[in-house]
Each structure stands twice: as structure tokens, then as C-alpha cells.
Amino acid sequence: MSELEIAVPRPRRWNEPFGEMAEADVDALLRIEPFRSIDANAFPPSLPLRGILLGDTRIGRYQAGDLIVREGDYGHSAFLVLAGTVRVVLERLDAKLLGREEPPRRSWRQAIAQLWSNAKLPEVRASAGANDPANDRVGTRDESGTARVFLQDVPRLLEKTGSVQLGVGEIFGELAALTRTPRTATVIADGRATLLEIRWQGLRDIMRRSPAIREHVEQLYRENSLRVHLRETPLLYDLPDNIIEQVALATEFESYGNFDWYSDFGPNHARDATEQIAAEPLIAEEGDRPTGLLLIRSGFARMSQRHGHGHRTLAYLGKGQVFGFSELIESHATGEGVPWRHSLRAVGYVDVLRIPTEVVRELIIPNCGLWIADCGLRMQDTQQSAIRNPKSEISASDARLLDFLADHRFLNGTQTMLINLDRCTRCDDCVRACAATHDNNPRFIRQGPKHDNLMVANACMHCVDPVCMIGCPTGAIARDANTGTVRINDRTCIGCSTCANSCPYEAIRMVEIREPGGAFLVDEATQQPILKATKCDFCAAQLTGPACQNACPHDALVRVDMANLTGLSQWLGRKAG
Amino acid sequence: MSFFTRRRIRNASLLVLALAGIVWWVRAREQTLDSSALGTGYLLLAAVFFLASYNVRKKLPFLPLGGSTAWLQWHIYVGIGTVGVFALHARTAWPSGWLEALLAVTFYLTVGSGLVGLYLTRTIPPQLARVSDEITYERIPAFRRQVRRQAEEVVLESVAASGATTLADFYTARLYGFFAGARGWRYLVRPTSALRRALMREMQDVRRYLSEQEQIGCERLFTLVRRKDDLDFHDARQKVLKLWLFGHIGLTYALVLLAVLHGLLAHAFHGGVA
Ligand code: SF4
Ligand code: SF4
Ligand code: SF4
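Residues numbered from 1 in each chain as written. Chains lettered and ligands numbered in written order. Predicted model: local features only at pLDDT ≥ 70, side-chain atom pairs only at ≥ 80, totals over all residues. Heavy atoms only, no water.

**Student:** Looking at this model, I keep getting lost on the interface of chain B and chain A. Mind explaining?
**Tutor:** Accessible area lost during the coming together of the parts is what is often quoted as the interface size. Contacts between the two partners involve 33 residues from chain B and, on the opposite side, 34 residues from chain A. Together chain B and chain A conceal approximately 2800 Å² of surface at their shared face, both sides included; 57% is due to carbon and sulfur atoms. Area buried by chain B at its contact with chain A is led by F4, F62 and E134 of chain B, which between them contribute 27% of it. Connecting chain B to chain A are four salt bridges. When the shortest N-O distance is used, the salt bridge between D555 of chain A and R7 of chain B registers 2.5 Å. In this assembly, chain B and chain A are joined by 11 residue pairs in polar contact (both at pLDDT 80 or more). Counting only elements with at least two residues in the side of chain B that touches chain A, the list comes to α1 (3-31), α2 (37-58), α3 (68-90), α4 (98-130) and α9 (212-268) of chain B. Here the side of chain B that touches chain A gets six residues from one element, more than from any other, and that element is α4 of chain B. Looking at side-chain class alone, the side of chain B that touches chain A contains 17 nonpolar, eight polar and eight charged residues. (Contact = heavy atoms within 4.5 Å. Buried area = accessible area lost by both parts, 1.4 Å probe. Salt bridge = Lys/Arg side-chain N within 4 Å of Asp/Glu carboxyl O. Polar contact = N/O pair within 3.5 Å; in protein donor to acceptor, adjacent residues only side chain to side chain. Helix = DSSP H or I, 4+ residues; strand = E, 2+ residues; numbered from the N terminus. Nonpolar A, V, L, I, M, F, W, Y, C, P; charged D, E, K, R; others polar.)

Take a look at the structure:
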């Protein structure tokens, strides 16, 4: 063997287990439902049920009032109650109760007062937060090295809101984990409770091999969300209830790509466009016979067409968009089979609903009836308004731009910072404005990937799929329900860096904080600096709106929602002038 | 027609209208044998204050005082408009009296530097965008040191690997100075790729005398020369933009001071013309 090579064991799935499960814990789990009824022989030797339980689960112990999941959180795991009970709060809790207080917009007086009240040094805080006495609605405590957030005075809180009790053997949180949608309810420990937390990969593998569990989860989705989701699709929104019911029953669930797409993506994983497309999981292939109407439930998919030896990107489909309808309509009208004209590939992770061809032919097209043309028009509308159809909005020569945006996963952004380098004088007024409005430390870097004269700066994009939110132990990073902005609550941030490590765009920076006198704050136990996660908050508290955009004298900087192709193309058109 | 062309036409038309209004007012005053000097003087002073306040607005990004883009547009067109008002006020290109002459020179220099700045801010960014990477101005000295260190390592490695010194000799004679630091003022004023091309050509010429190991080093030096030249280009062009702004702001402050002084004196010695 050459000296340039060193043999090491190949990294494996459970090198980094989810928790610290002992063999005895797994034995105990295998003696109780639902694991007792699962056929262990259905699992391949490389992926044994025992291995999944050892590597993909962990046991958590909670005390009365501990928050297990918060409404609006992004989660990557589901829970099974092993002992005790938990309460699902049925009504929406006040954001303040969950430690998600909206920063109030400053008044004119407060805005002017910044002239003398702003600290001269960077990152000065009045207190370290988290257990700050001002923050009296939620508290944090340490449960064997894991931070737990608890609510004060739960009985009074539950008096005001309805709740449902879940007991031993019941599962919750599986839909949010599997579909990467925000948690729909808050769950609190009802007393002492022991829960098994299973990460989505383990749940997915168990579902694949245990029909009972798969049916249970799919049934929950069909009951709770599928009808709403189908109704949200423009093509289906005025179908009669009984037809929607039948369509829902026939719909198949599929997922493509890696749920953890962000773990093998980032500056260190650059690939060329052809390699990139080839590596994306194929959902539908150009030239194949359509197997149904595909509806994107979450994530992004690349629609491409063969061009020479490669593939040319034509559009990106996002949540609520459909693929393959025109082929099915044409085939219905002509009576001949029409193959798929484009390919569809998963960019990152995509959840797809497949409505079988026969169901489209028998239930959807006849009920669209005279409105088939209208259906087509409606789809076109959605494509134009919602997403990236280069044919209608961006010229074919800009397919490269689309590839650039997809390859860097910038499509994920709802407030992506774009800089037109043909107009940017590098004056840094934007950077200074951001620093002046944010603790004397800019929340973005005026650097980033370039495409021709367009630069995507390193600023939080307030993503459609904010993977940074996964795993925050205190829920300090959350999406604002009203504005969609992803914000960090400085007071509840405990500086664990989970979000900064998860953000594939490296938009979160951990900073050391100081007290007003200028001294750095250190942990009294370890003498290590106290850290806080910082990132662009879209100037939520400022009267001015985004200070960076407002400060650019040369029309060079703009925040763009990548789902609004019209806005993007208008801005791109402007820059030519 | 692009957004920017439309904006230019709209703002220029507004400026022409405003100037026409001022000329009409001055004529009207003169027909009644009233002096317009005080009126145009105040207008000019107000305009100068407004133009100078743009820099103050930049320092207050947390106040909702309007976008910087809008401010810049007003700054440009009001700035151009002041030339017309100045002509109406001074009635001569070269006023007598040392204070008035100094004021006029400062005014011309400020307006001139503003126009030069407008040209520079519209022409330099596309030049910078064409150069490979985006380079932050403050980090250029560190990048330069890094490139120089890398170049020296390449040469030392090739001497160690080949035992020959042809590449090292060439480096000492031709590249050492190039990698040593920033370029001179001439490059600052007019950056060209002449030196880069010359060095590349010379390296190409010397290649045939190099051993195989040295040729590998020479390839890497090609890349480093290109990188250093890009750094120099960014340095020079960004420095021009910064120096220009520095000069323009300095002149503006001087203009504000002189204009206020002139106003005070004008009031002090105002005889009350019939
Ligand atoms: S921090 Fe990163 S992942 Fe989170 S919203 Fe911002 S850019 Fe997206
Ligand atoms: S929106 Fe505000 S916080 Fe975000 S980068 Fe711009 S100035 Fe900074
Ligand atoms: S303020 Fe505008 S012109 Fe200045 S550096 Fe920022 S983006 Fe560029």
C-alpha cells in the first residue's frame, strides 16, 4: 500500500448514534408494542431492527411542564410514550409562552435613541439570557447533558386551552418528522414521562418493513392533511368533495432524495452541473410512460430535458405544483399514449404524491370537463407565479442561471440577498448599515458564489426548508408565523451551535458576547466564553425594513424570494440597463 | 428601455423643469428691478446643506429617512442643478474677491469631483466583476502576503526537487519585485495588464530551459502571477473609489464652511438695494 493512503474503517450509519441506548434498553423495547409485533426477519442483515433501535432512537425523561415539542418547530424525530402521559395542547399557544416573543418594532423615539444608546463595542448584551430573570415565562434546565425547556404554571395554562392526553404506547410527531413540516401542536409532559424518540431515518426504515406501522402513519396523514393538501392544488381545488375523497384514497406517497440533503451539501461538496444532475434521484424519466400525475408535497424538483449528452434545466417545481398533466390530457384527448416529455429529479429531498393515471383519467379529467383548458391555464399561472419556469420568464440562455440557483440550493431562499456586481461599488454601506443596526457586528458577509455578474451574498435566506431549525434544544431559532422570517431569540439561545452547524449556507455565526462594560462573558463553571448564534433577522425590529437593501446607494443589492420568478426576472432585466 | 434609462430621463426632465422655474423667477425679479441674489444665494446654501446631509443619512441607517438609492438620485440631480443656480447667483464664472474666488473654486472642484465619481461608480464595478473572484479590499494585503509565500514555496520546492536554479534565478530577477507588494501610483491611475502579459511571455520563454520539476513549479507560478495581478487590479480600482469619496466629502465640508461664511458676510455688508 502506498504511504499516501491510510486504511480506516468506512464511516457507517450508526457511527454517530442518536442517543446512548444500551443493549438492555433495546431488549426492553423489543418486549413491548409496537416493536414486539414487528417481524425482525423482514429487516436485512445490514439494517436490523435491533440496530435501528440502538442507533436511531434515544430515551428521554421529562418532568411535569417540560416542553417536548413546540408548535411551529421543525423536528426530525417522532415520539413514543413509554411511561407516564403527555398533553397535546389543542389551541395555539401565545408565542410569548413558548419563548418566541416577537421583537417589538422600534418606535421613532427608540429609533432616534439608538444614536446614544447603542453600545460602542460589538455584541454587547445586558445579560446572558436563557435563565435571565426577565424571561419569566419559560425556564431551562439540564437533564443529563440535554437542555430542557419547561413552561411555568402548566395547570393554569391548560385550564385556558383544550388538551388531549396521550398515554403509554401512543405515537406523536411522526408527520412533522417525515414530511418536514412544522409541528402542528405543542406537547407538554403531564407529569414524569419517559419517551422514546426515534429519528426520521429509523422511522422510515421501520415503516418500509412493517406494514402495520406504515399504514398507521399513512392513515394519520390521509385523515389529517391529505385532503387539505389536494384542495390546495389549483388543479383540484373545485373538484366535488366525493371525488376528492376518492382521489385521496387512491393517492400514493413517495419520497426521493436525502432528507439530510444539507449534510452532503455546501462549499466543500462542489460538483459540476452534469455530475450534479446525474446524482439527483430520478422521479420520472423523459420518454417513459406516465404512471400518474405527480404532485410535489414538499421540497424542490428539477424539471429537465435531454440536450446533447446532458440535461437542460427547464424549471423547478415546488410545493403544490404538478408534473405530467399535459401528457395525461393529451393522451386522454387523442386516445394515444403520450410519454413524459421531461424528466423530474429530486433536488435535495422531495415528497411526492402520485395520483395514478387511471384515477386522473376517470376522476379528475372528466370532472374538469369543459374546464380542461382552464385547468391547463391555472397550472400555467401557478408555475409562473409560484416558481421558476425559464421558458416563460427567463430566456433559455438563462438555463445556466437556473442551474446555478439549484446547484447551490438557493431556490430554498425566500429572502435571498442578491448583489449586482456591475453596479456594486464595494462601498460596504450595506455592511455598515447592518452592523449599526445589529450590535456593531454585520449579520452577513458581502461575499458568496458568483454567476456572471450576480453574486448571492452570505446572508440568511429565510429558507422554505430551514434546516437550521432542526434540533435546536430550546426552540430559540424559529420561523415567525406572520412574516415567515427565521429568527433567533437571543434570550433563549444557549449557544450550543446546533443551528450554525446545520445551516448548509453557513449563514449563522456564533459570537462571544460582552457585558455593557466591555468584558467578555464566560461560563462560571467552565470559564469558556458564552456564545450566541447570530444571523440576519431581516431587521424585524427596525422601522426601516432591511437596512442593507435600504443603505445601498446604487440599486445593487436586493432581497428576492426565489419563488417569485417575476420579481427575480424583473430585477435581472433591470440590471441590463 | 431599461429601468435605469427611464429613471434617468424622468429625473433629468424634472431637473430641467425646476431650473426653468428658477430662471423664470430670477427674470421676474429682475424685471421689477429687484435683486435675485439673496434668493438664489439661499437656494444655493440650502442645496449645499442638502447635498452634505447625504453623508449624515448614511450614518443613520436605523432611522426611516428613505432609501439610499433615492437619496443618491436627489444628490446627483440637485448637485447638477446647483451649477445652474450658481451661474444665476454669481453671474460670472470667476468672481472677484478672494473669498468668493475660493468659494467658486471649491464649488467647481466639488461638482467636478462629483461628476468624476459618478463616472467612476458606473464604470469601475463592471471592470471588477470581470475579474475572477470577488475580493474584499481590506483583505488584499493578507492575500498578497499569502500569494507571495506560496510563490516562494514553489520556487524553493522546485530547487530542492530538481537541484537546478534556473527558475529560482528567473524568480529573483523578474518576479520577486512583482510579488513583493502593491503596484505604483501609475498603475493606480491607469491599471493595465501589460506587466502581467510581459511576465507571462518571459515565463513562457524561460520554460524551455527548465527541468521537468521546474516546469511543474513554473505552471503554478503562472497561476500565482494571475492571482497577484487580479489582487493588484482590485486593490487599485477599489482604492480609486475610496479615495474619490474621501476627496469629495472633504471638499463638501470645505464648501459648506465657505458658503456659510460667504452668507454671513453677504448679510453683514448687505446695503439694501432699492
Ligand atoms: S440560517 Fe441557513 S438554513 Fe436557516 S433559514 Fe437561514 S439560510 Fe436557511
Ligand atoms: S436584513 Fe437587516 S439583519 Fe439582514 S443582512 Fe440586511 S441589514 Fe443585516
Ligand atoms: S451598499 Fe450596495 S454598492 Fe455598496 S457594497 Fe453594498 S451592495 Fe455594493
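**Student:** Looking at this model, I keep getting lost on the site of ligand 3. Mind explaining?
**Tutor:** Taken together, the neighbourhood of ligand 3 is formed by C424, T425, R426, C427, D428, D429, C430, R446, C552, P553, H554 and L557 of chain A. In terms of residue class, the shell around ligand 3 is built from six nonpolar, two polar and four charged. (Near = heavy atom within 4 Å.)

**Student:** Could you clarify how one ought to interpret the domain arrangement of chain B in this entry?
**Tutor:** Residues and elements named next belong to chain B. Taken as a whole, chain B is organised into domain 1 (3-133 + 248-270) and domain 2 (137-238). On a C-alpha basis, the centres of domain 1 and domain 2 stand 46 Å from each other. With six residues of domain 1 at the contact, the number on the domain 2 side is six residues. A buried area of about 620 Å², summed over both sides, lies between domain 1 and domain 2, and 61% of it is on carbon and sulfur atoms. Counting across the domain 1 and domain 2 interface gives one salt bridge. Here R227 ties to D133 by a salt bridge, and the two come within 3.8 Å at their closest N and O atoms. Across the contact surface, domain 1 and domain 2 share one residue pair in polar contact (both at pLDDT 80 or more). Taken together, the residues of the side of domain 1 that touches domain 2 break down into three nonpolar, two polar and one charged. (Domains from an automatic or database assignment.)

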